[in-house]
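As a plain string of letters, each chain reads:
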Amino acid sequence: VQLVESGGGLVQPGGSLRLSCAASGFTFSSYDMSWYRQAPGKERELVAAITSAGGSTNYANSVKGRFTISRDNAKNTVYLQMNSLKPEDTALYYCRAMRLSIFKKFDYWGQGTQVTVSS
């Protein structure tokens, strides 16, 4: 199982980035996907989530209206489009894949990609 994030970098306030998370080793279309972030000295927090078929999304209040999560099940990839970036969006961004069955919880994390918003 692998989740590989990409697309992070340094951007000025007000700028945009698009993060990608490429999945392999499991049935991507059966998993709910989400993006989390962790800033230095802070706890990891949920940023956005999308259901397995992409029919439902959820966002942290701090990113609503600025970030958009989407997925392409044919490409086994989930995206996070980040617009109007603020310095407080600076963090290590992780993607997560999760599926619950009656008998087991399947839960995978990527290694993260750094996003730095600074002038």
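Details of the structure are given in the entry above.
Residues numbered from 1 in each chain as written. Predicted model: local features only at pLDDT ≥ 70, side-chain atom pairs only at ≥ 80, totals over all residues. Heavy atoms only, no water.

### Examining the state of the cysteines
Then, number 1: Taken as a whole and assessed by the stated rule, the structure comprises one disulfide.
Then, number 2: Covalent S-S linkage joins Cys21 and Cys95, the inter-sulfur distance amounting to 1.9 Å. Residue Cys21 is located in strand 3 (residues 17-24), and its partner Cys95 is located in strand 9 (residues 91-100); the two are separated by 74 residues in the primary sequence.
Then, number 3: The class of Cys21 is buried, set by a relative accessible area of 0%. (Disulfide = S-S within 2.5 Å. Helix = DSSP H or I, 4+ residues; strand = E, 2+ residues; numbered from the N terminus. Buried < 20%, exposed > 50% of the residue type's maximum accessible area, 1.4 Å probe, protein only.)

### Observations regarding the sheet that holds strand 7 (residues 67-72)
Note: strands within a sheet are paired through backbone hydrogen bonds, in either parallel or antiparallel orientation.
Then, number 1: The strand order across the open sheet built from four strands is 1-3-8-7, with neighbouring strands paired in antiparallel fashion. Both outer strands of the open sheet, strand 1 (2-6) and strand 7, are each paired with one neighbouring strand and no more. Between one strand axis and the next, the sheet turns by 15 degrees as a mean value, whatever way the strands run.
Then, number 2: Bridging between strand 7 and strand 8 (residues 77-82) involves six bridges; their strand directions are antiparallel. In the sheet register, Phe67 faces strand 8, and the bridge partner there is Met82. (Pairing = 2+ DSSP bridges. Axes fitted to C-alpha atoms, helices over the stretch in contact; angles between N-to-C directions.)

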